[in-house]
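Here is how the chains run, residue by residue.
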Amino acid sequence: MNRMIGLWAHPRSRSTVLERVFIERGDFEVFHEPFAHMAFREDSAIPSDEWDHSLPTTYQGIRQHLIKAKEQANVFHKDMCYHCLDALKVDVDFLAQQDNIFIIREPASSIVSHHRIHPDMPLQAIGHKALYEIFCVVTKLTGKVPYVINADDLAADPERVIRKLCDYLQIEFLPRAMTWKRECPPQWKTWRSWHVAAENSERIVLPQPQSVDFSAFDCAPELQRMYDFHRPFYARMNEFCQ
């Protein structure tokens, strides 16, 4: 029987570069943020690029699209819980059909990165609260704490983190999937401008400390409010990182 893995994330959590590992594996059909197509349209304020009109634009349509794909192949999909929170948190049948894993990143870093691309981002788009809500739903559904990856651990020691994830998922660790060509996979084209660093990477790397400019908090006071709101949800999930 084919498997489905759902990687639940918040924006700017390094989830895309983790997704790239699964693209390189070649044994999963990979979907990049399919539920974004119910949250946004081509003319939405959020920055986007080549819109994929082949994907459904309703929760039920996207859900069924993934389930149908699973009939033919193993499926890996990555998405932001805030894209589909209300529908997802009551859809235990869909969550029960997959391995649900989570990735988190310290919100100061993710907020600054997010603000660079989308300065008008709303509070809920930071995403940690929605991610925590689904984390709790999966915990109650399965009776055990879901698998959580800290993005800083992934960047600092990618092979160790990916090996542990593969052990958890009971799939083979493939060293060849840890490196790739600098290119934009087809799955990323709708949100290409969000993934410039990932597109120009050849592997998961630890960014230079100066790449995060925390002076943005001084220039934009609303970022501090976003941080104060979302950090407790990050801190709670971080207690369970593998």
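The present account deals with the structure reproduced in this document. What you see is a predicted model, and the numbers here were worked out from it, not measured in a lab.

## Observations regarding the overall build of the chain
In terms of helices and strands, the chain carries twelve helices and five strands. At 17 Å, the chain has a C-alpha radius of gyration in line with the 18 Å of a compact globule built from 242 residues. Across its three principal directions, the C-alpha atoms of the chain cover 50 × 40 × 35 Å. Of all 242 residues assigned to the chain, the portion counted as buried reaches 52%. When contacts within the chain are restricted to residue pairs at least 6 apart in sequence, long-range pairs at least 24 apart make up 79% of them. Between the centroid of the 28 positive side chains of the chain and the centroid of its 33 negative side chains there is a distance of 3 Å.

## Concerning the environment of Leu-206
Tracing the sequence through the fold places Leu-206 in the loop between α10 (196-199) and α11 (216-219). Spatially, the C-alpha atoms of Leu-206 and Asp-152 are 8.0 Å apart, while their sequence positions differ by 54 residues. Once residues within four sequence positions are removed from consideration, Leu-206 is found in contact with Ala-155 and Ala-156.

## Focus on the pairing of strand β3 (residues 75-80)
Of all six residues that make up β3, six are buried, and the element is covered over most of its length. Burial along β3 is two-sided: Val-75, His-77 and Asp-79 and Phe-76, Lys-78 and Met-80, pointing in opposite directions, are all buried. Judged from the six bridges that link them, strand β1 (residues 4-9) and β3 form a sheet pairing that is parallel. Residue pairing in the sheet places Trp-8 in a bridge with Asp-79 of β3.

## Regarding the packing of helix α7 (residues 128-142) against helix α12 (residues 221-238)
Here α7 crosses α12 at 35°, and the two axes come no closer than 8 Å. Between α7 and α12 lies a crossing of left-handed hand. Side by side, α7 and α12 meet where His-128, Lys-129, Leu-131, Tyr-132 and Phe-135 of the first sit next to Phe-229, His-230, Phe-233, Tyr-234, Arg-236 and Met-237 of the second.

## A short note on empty space enclosed by the protein
Empty space among the atoms becomes apparent when a probe as large as a water molecule is rolled across them. Per the counting criterion, the structure on display carries one cavity of 30 Å³ or more. Quantified by volume, the largest cavity comes out at close to 30 Å³. Residue assignment for the lining of the largest cavity shows that the elements contributing at least two residues are β5 (147-150) and α9 (158-169). Here the element with the most residues in the lining of the largest cavity is β5; it accounts for three residues.

## Quick word on helix α6 (residues 107-117)
Most of α6 is tucked away, with nine of its eleven residues classed as buried. Looking only at α6, the buried set comprises Pro-107, Ala-108, Ser-109, Ser-110, Ile-111, Val-112, Ser-113, His-114 and His-115. Buried-residue contacts for α6 involve α7, α11 and α12.

## Describing the sheet that holds β3
Through backbone hydrogen bonds, the strands of a sheet pair up, either in parallel or in antiparallel fashion. Read across the sheet, five strands follow the order β2-β3-β1-β4-β5 without closing on themselves; strand pairing throughout is parallel. For this open sheet the edge positions go to β2 (29-32) and β5, each flanked by a neighbour on one side alone. Averaged over all neighbouring strand pairs, the angle between strand axes comes to 20°, with direction disregarded. The pairing of β2 with β3 spans four bridges and is parallel.

## Considering the pattern of salt bridges
Inspection of the entire model under this criterion finds 18 salt bridges. Notably, a salt bridge pairs Arg-231 with Glu-106, separated by 2.8 Å at the nearest N-O pair. You can see Arg-231 sitting in helix α12 and its partner Glu-106 sitting in the loop between β4 (99-104) and α6, a full 125 residues away along the chain. Using a relative accessible area of 31% as the deciding quantity, one classes Arg-231 as partly exposed. Glu-106 sits in the buried class, given a relative accessible area of 15%.

## Comments concerning the environment of Leu-88
Among the structural elements, Leu-88 can be located in helix α4 (residues 85-88). Its relative accessible area of 0% is what places Leu-88 among the buried residues. Each C-alpha atom of the pair Leu-88 and Pro-146 lies 16 Å from the other, and the pair is 58 residues apart in sequence. The residues contacting Leu-88, other than those within four sequence positions of it, are Trp-8, Tyr-59, Phe-94, Leu-95 and Ile-134.

## Section: the side chain of Lys-70
Its location among the elements puts Lys-70 in helix α3 (residues 59-72). Buried and unpaired, Lys-70 has no salt bridge, with Glu-71 as the nearest side chain of opposite charge at 8.4 Å. Residues contacting Lys-70, with those up to four places away along its chain left out, are Asn-2, Arg-3, Met-4, Val-75 and Gln-97.

The rules behind each value
- Residues numbered from 1 in each chain as written.
- Predicted model: local features only at pLDDT ≥ 70, side-chain atom pairs only at ≥ 80, totals over all residues.
- Heavy atoms only, no water.
- Helix = DSSP H or I, 4+ residues; strand = E, 2+ residues; numbered from the N terminus.
- Rg over C-alpha atoms; globule rule 2.2 N^0.38 Å.
- Buried < 20%, exposed > 50% of the residue type's maximum accessible area, 1.4 Å probe, protein only.
- Contact = heavy atoms within 4.5 Å.
- Lys, Arg positive; Asp, Glu negative; His and termini not counted.
- Charge placed at Lys NZ, Arg CZ, Asp CG, Glu CD.
- Pairing = 2+ DSSP bridges.
- Axes fitted to C-alpha atoms, helices over the stretch in contact; angles between N-to-C directions.
- Left-handed = near helix turned anticlockwise from the far one by under 90°.
- 1 Å grid on protein atoms, 1.4 Å probe; cavity = no way out; pocket = protein on both sides within 12 Å on 5 of 7 lines; lining within 4 Å.
- Points joined across faces, edges and corners; volume = space filled by probe spheres on them.
- Salt bridge = Lys/Arg side-chain N within 4 Å of Asp/Glu carboxyl O.

Read these as spatial facts, not as claims about activity.
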